[in-house]
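Each chain is listed here by its residues.
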Amino acid sequence: MKIEPITLEQCLDLRQHVLWPDRPRESLRLAEDNDDTARHFGLFVQDKLISCVSLFMTYDDCWVIRKFATLEEYQSRGYGTQLLQQTLAIVDQAGIKKVSLDSRRTAIRFYQKSGFQICSEPFIKDGVEFVKMQRYTDLSLQ
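All figures in this text were calculated on a predicted structure; none of them were measured in a lab.

A. Representation of the layout of surface pockets within the structure. For the largest pocket, the calculated volume is near 740 Å³. Looking at the largest pocket, it is lined by 32 residues, and the ones nearest its centre are Leu-19, Phe-68, Arg-104, Ala-107 and Tyr-111. The set of elements that each furnish at least two residues to the lining of the largest pocket consists of β4 (62–70), α2 (79–93), β5 (98–104) and α3 (108–112). Counting residues per element, the lining of the largest pocket draws most heavily on β4, at 6 residues. In terms of residue class, the lining of the largest pocket is made up of 15 nonpolar, 9 polar and 8 charged.

Here it is as structure tokens:
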């Protein structure tokens, strides 16, 4: 297993396959993907990309995690957790105090295990229920 930066194109393939298989691949391209702060990471098992995550800096020095995807046959085996932990370590090393994301309702417990807390009421986006979640490295900011 290895975790390393990947290209946006690699990320798009996995995003489409896992998150929105009924949509065209290009519809999963985000405006932020072209930003200078955009970073994409992948987890490989035997040279096969099985999980990816995208990380974006916002105007208030908060990092946002978007489009986290793990192939279904590799879910619940610790791979996504390893990728998330590595991503959070990068954020922590950069001195960033806050990370936020929109979690599908089905993934809330996954993120809570890594210190994320729900900070919004549930909302529907494209027919899927989400909540906003945040994680602070400086607990005085909560």
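Now that the structure has been shown, we can carry on.
B. View of the nonpolar core. With 39 residues, the main nonpolar core has Ile-50, Ile-65, Leu-84, Tyr-111, Phe-116 and Met-133 as its most contacted residues. Of all the secondary structure elements, the ones that give two or more residues to this core are α1 (8–18), β2 (39–45), β3 (48–57), β4, α2, β5, α3 and β8 (128–136). It is α2 that provides the largest number of residues to this core, a total of 6 residues. Leave out the neighbours within four places in its chain, and Phe-116 touches Ile-65, Leu-84, Leu-88, Val-99, Leu-101, Tyr-111, Met-133, Gln-134 and Arg-135.

C. Examining α1 more closely. Within the span of α1, buried status applies to Leu-8, Cys-11, Leu-12, Leu-14, Arg-15 and Gln-16. Buried residues in α1 make contact with β2, β3 and β4.

D. Looking closely at the pairing of β8. Taking burial as the measure, the 9 residues of β8 include 7 buried ones, the bulk of the element. Pairing geometry for β5 and β8, over 7 bridges, is antiparallel. Each residue of the ladder has a partner; that of Arg-104, found in β8, is Phe-130. Where strand β7 (residues 123–125) hands over to β8, the hairpin turn is made up of 2 residues, of which Asp-126 adopts a positive phi near 55°.

E. Up close: the pairing of β2. For β2, the buried fraction is high: 6 of the 7 residues fall into the buried class. Pairing between strand β1 (residues 2–5) and β2: 4 bridges, direction antiparallel. Bridging across to β2, Ile-3 finds its partner in Leu-43. The sheet contact formed by β2 and β3 spans 7 bridges and is antiparallel. Across the sheet, residue Phe-44 finds its bridge partner in β3, namely Leu-49. Between the end of β2 and the start of β3, which pair antiparallel, lie 2 residues, with Gln-46 showing a positive phi angle near 50°.

F. Spatial organisation of the pattern of salt bridges. Considering all chains together, one arrives at 15 salt bridges under this definition. With its nearest N and O atoms 4.0 Å apart, the salt bridge here joins Lys-2 to Glu-4. We classify Glu-4 as partly exposed; its relative accessible area is 29%. For Arg-135, the salt bridge is made with Asp-92, and the minimal N-O distance between the two is 3.4 Å. With Arg-135 in strand β8 and Asp-92 in helix α2, this pair connects stretches of sequence that are 43 residues apart. Counted as one network, the salt bridges with shared partners bring together Glu-9, Asp-13, Arg-25, Glu-26 and Arg-29.

Thresholds, definitions, all that
- Residues numbered from 1 in each chain as written.
- Predicted model: local features only at pLDDT ≥ 70, side-chain atom pairs only at ≥ 80, totals over all residues.
- Heavy atoms only, no water.
- 1 Å grid on protein atoms, 1.4 Å probe; cavity = no way out; pocket = protein on both sides within 12 Å on 5 of 7 lines; lining within 4 Å.
- Points joined across faces, edges and corners; volume = space filled by probe spheres on them.
- Helix = DSSP H or I, 4+ residues; strand = E, 2+ residues; numbered from the N terminus.
- Nonpolar A, V, L, I, M, F, W, Y, C, P; charged D, E, K, R; others polar.
- Core = buried A, V, L, I, M, F, W, Y, C linked by side-chain atoms within 4.5 Å.
- Buried < 20%, exposed > 50% of the residue type's maximum accessible area, 1.4 Å probe, protein only.
- Contact = heavy atoms within 4.5 Å.
- Pairing = 2+ DSSP bridges.
- Salt bridge = Lys/Arg side-chain N within 4 Å of Asp/Glu carboxyl O.

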